[in-house]
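# An overview of the molecular structure
This is what each chain is made of:
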Amino acid sequence: MHHTLRLLCLFGVFTTASAAPPLPGDFSAHYVIKKGPIELGVARRSLRRVDETAWVYAAETRSTGGVLGMLFKFYELKQSRISLSEQQLRVETYTHKREGNNPTALKQLFAWDQGRVTTTWDDGEVVAYEITPGMYDQNMYQLAIMLDLQQGLQTMTYRLAENRRMKVYEIRVLRREKIQTAVGDYNAYVVANRDNSAETMMWCAEELNYLPVRIEYEDSGIRINAQISRVEGLRQ
């Protein structure tokens, strides 16, 4: 159950401080999350333009029906409001709500002019610490990977504003390969992150602006994966 919760949270984190490449247009990508043949949940990732300089990137994950769904109910929504300032993408606010196991609700404010990021929980707890250049929130890694692969990067270092501290993620491109999915066959770059005993791998499709079309998470011999089931928008 611990591994299941951790993977579901992954769908619902990696940054560089280089000039931002063009963002893809509005899109919505849907995934099915499984452990072997057993369906655990579904996920949706979307990008929506708000105005000329602002976007909202959202990640929604929920458990599905069946016996497992009755025993393990889960819902999570993460939303990042992004702006473009001096050719740099930056997060302005981040909200996170999780229901079911380990419920939480919080909001992060990125005060770039003050050099501080502040996390406020619904119970009143507040934690603030220093922003570093190029820092993102915990929701932005898939979008950041898409943009960095577009620039041809092979290794990436990401600084994430976690709830109480900054965390650094190292990402590397392993290889390029063909992948078959429910929405088509694509040329994909396989990227990976290892965190102690856990490894996350993503297959990012060139034809879909490097959108992850398959994600695998493995820890201590337990493997869970998410595969794309539908995509709206992006280059196809």
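Notes on the structure follow. (Residues numbered from 1 in each chain as written. Predicted model: local features only at pLDDT ≥ 70, side-chain atom pairs only at ≥ 80, totals over all residues. Heavy atoms only, no water.)

Moving on, we come to the pairing of strand β13 (residues 211–219). Burial analysis of β13 places eight of its nine residues in the buried class, the great majority of the element. In this sheet, β13 lies alongside strand β12 (residues 198–205) in antiparallel orientation, the contact comprising eight bridges. Across the sheet, residue Trp203 finds its bridge partner in β13, namely Arg214. Both β13 and strand β14 (residues 222–233) contribute to a ladder of six bridges, which runs antiparallel. Paired with Asp219 across the two strands is Ile222, which belongs to β14. (Buried < 20%, exposed > 50% of the residue type's maximum accessible area, 1.4 Å probe, protein only. Helix = DSSP H or I, 4+ residues; strand = E, 2+ residues; numbered from the N terminus. Pairing = 2+ DSSP bridges.)

This part is about the pattern of salt bridges. Pairing between side chains becomes possible if they bear opposite charge and their charged atoms approach one another. Under the definition given, this model contains 13 salt bridges. Arg90 is the salt-bridge partner of Glu92, the closest N and O atoms lying 3.2 Å from each other. In this structure Glu92 comes out as partly exposed when scored by relative accessible area, which is 22%. Notably, a salt bridge pairs Arg172 with Glu199, separated by 3.7 Å at the nearest N-O pair. Within this pair, whereas Arg172 is found in strand β10 (residues 166–181), its partner Glu199 is found in strand β12, the two being separated by 27 residues in sequence. The structure contains a network of salt bridges with shared partners spanning Arg172, Arg194 and Glu199. (Salt bridge = Lys/Arg side-chain N within 4 Å of Asp/Glu carboxyl O.)

The next subject is the nonpolar core. Residues Phe110, Leu143, Ile145, Leu149, Val191 and Leu211 are the most contacted members of the largest nonpolar core, which totals 59 residues. Considering every element that reaches this core, the biggest residue donor is helix α3 (residues 141–150), with seven residues. (Core = buried A, V, L, I, M, F, W, Y, C linked by side-chain atoms within 4.5 Å.)

The next thing to look at is unusual backbone geometry. The backbone of Tyr210 sits at a positive phi, close to 65°, despite the residue not being glycine. With respect to the helices, strands and loops of the structure, Tyr210 is situated in the loop between β12 and β13. Positive phi, normally seen in glycine, also occurs at Ser220, with a value near 55°.

With the rule as written, the count across this model stands at two aromatic pairs. Summarising the aromatic geometry, the rings of Phe110 and Trp112 are spaced 6.1 Å apart at their centres and angled 25° between planes, so their arrangement reads as stacked. Classification of Phe110 by relative accessible area gives buried; the value is 3%. When the ring of Tyr189 is compared with that of Tyr210, the centres are 6.1 Å apart and the planes differ by 50°; the resulting orientation is tilted. (Phe/Tyr/Trp six-rings, centres within 6.5 Å; stacked < 30°, edge-to-face > 60°.)

Tracing the sequence through the fold places Val127 in strand β8 (residues 126–130). When the C-alpha positions of Val127 and Val117 are compared, they lie 8.4 Å apart, and in sequence the two are 10 residues distant. When residues no more than four places from it in sequence are discounted, the contact partners of Val127 are Val117, Thr118, Thr119, Trp121, Asn163 and Arg164. (Contact = heavy atoms within 4.5 Å.)

All right, on to the environment of Ala128 then. As for its placement among the helices and strands, Ala128 is situated in strand β8. For Ala128, a relative accessible area of 36% puts it in the partly exposed group. For the pair formed by Ala128 and Arg165, sequence separation is 37 residues and the distance between their alpha carbons is 8.6 Å.

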